[in-house]
Amino acid sequence: MTLRAFLRDDDLFSDVPDDLLDTIIERGSEQQVPSGRELVRQDQSGGGLHVLLDGSADVMINGKQVATLGPGDYFGEMSLIDKAPHSATVVSGPAGVKTFILSPATFQGLLDLSPHCDRVALKILTRRVRRLEEAARNTTA
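A. Molecular detail of the packing of helix H2 (residues 18-27) against helix H4 (residues 104-113). Their axes nearest at 10 Å, the elements H2 and H4 cross at an angle of 160 degrees. On the basis of their axis angle, the class for H2 and H4 is roughly antiparallel. For the pair H2 and H4, the sense of crossing is right-handed. Listed contacts from H4 to Leu20, Thr23, Ile24 and Arg27 of H2 are Thr106, Gly109, Leu110 and Leu113.

Listed below in structure tokens is the structure:
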């Protein structure tokens, strides 16, 4: 599957116009990371938005694994939007991971370029809130 097809199938980018999706792909980059490498570190800034294309990654908070991510999942979105340090460390899984990355500068440029990117940012925030709500429900159940 091509990167364009993969991103088009992902709900995050599903309603982005074709020309803007092409611009996002042109301005982003792909990264293959071997097993056990940190992709972002808790309490550090930067790193951008990573969308997992292949493989897996473990999410660690204060050294404790709290989630495993797979293709279609993403991370780094909150730091990308509010420029605060990462709330977790993300480490590539046993088979490594391949990600598509939008740097903070690239993402900001895209926001300035098109209102559709604002919708992507809103989707990102909405998904995060929904995940937190679900986690809270599961914790109290």
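B. Region of the structure containing the nonpolar core. Core analysis: the largest hydrophobic core is formed by 22 residues, its most contacted members being Leu7, Phe13, Ile24, Val51 and Phe100. Mapped by element, the contributors of at least two residues to this core are helix H1 (3-9), H2, strand E3 (49-61), strand E6 (89-102), H4 and helix H5 (115-140). Apart from residues lying up to four places away in sequence, Phe13 is in contact with Leu7, Arg8, Leu21, Ile24 and Val51. One finds Val33, Ala57, Ala88 and Val97 within the second-largest nonpolar core, a separate group that totals 11 residues.

C. Spatial organisation of the environment of Val16. Secondary-structure assignment places Val16 in the loop between H1 and H2. Sequence separation between Val16 and Arg119 is 103 residues, and the spatial gap between their C-alpha atoms is 8.7 Å. Sequence-distant contacts of Val16, defined by excluding residues within four places in its chain, comprise Arg8, Leu21, Ile24 and Val120.

Cut-off values and rules
Residues numbered from 1 in each chain as written. Predicted model: local features only at pLDDT ≥ 70, side-chain atom pairs only at ≥ 80, totals over all residues. Heavy atoms only, no water. Axes fitted to C-alpha atoms, helices over the stretch in contact; angles between N-to-C directions. Helix = DSSP H or I, 4+ residues; strand = E, 2+ residues; numbered from the N terminus. Parallel < 35°, antiparallel > 145°, perpendicular 65-115°, else oblique. Left-handed = near helix turned anticlockwise from the far one by under 90°. Contact = heavy atoms within 4.5 Å. Core = buried A, V, L, I, M, F, W, Y, C linked by side-chain atoms within 4.5 Å. Buried < 20%, exposed > 50% of the residue type's maximum accessible area, 1.4 Å probe, protein only.

Distances and angles like these do not, on their own, reveal function.
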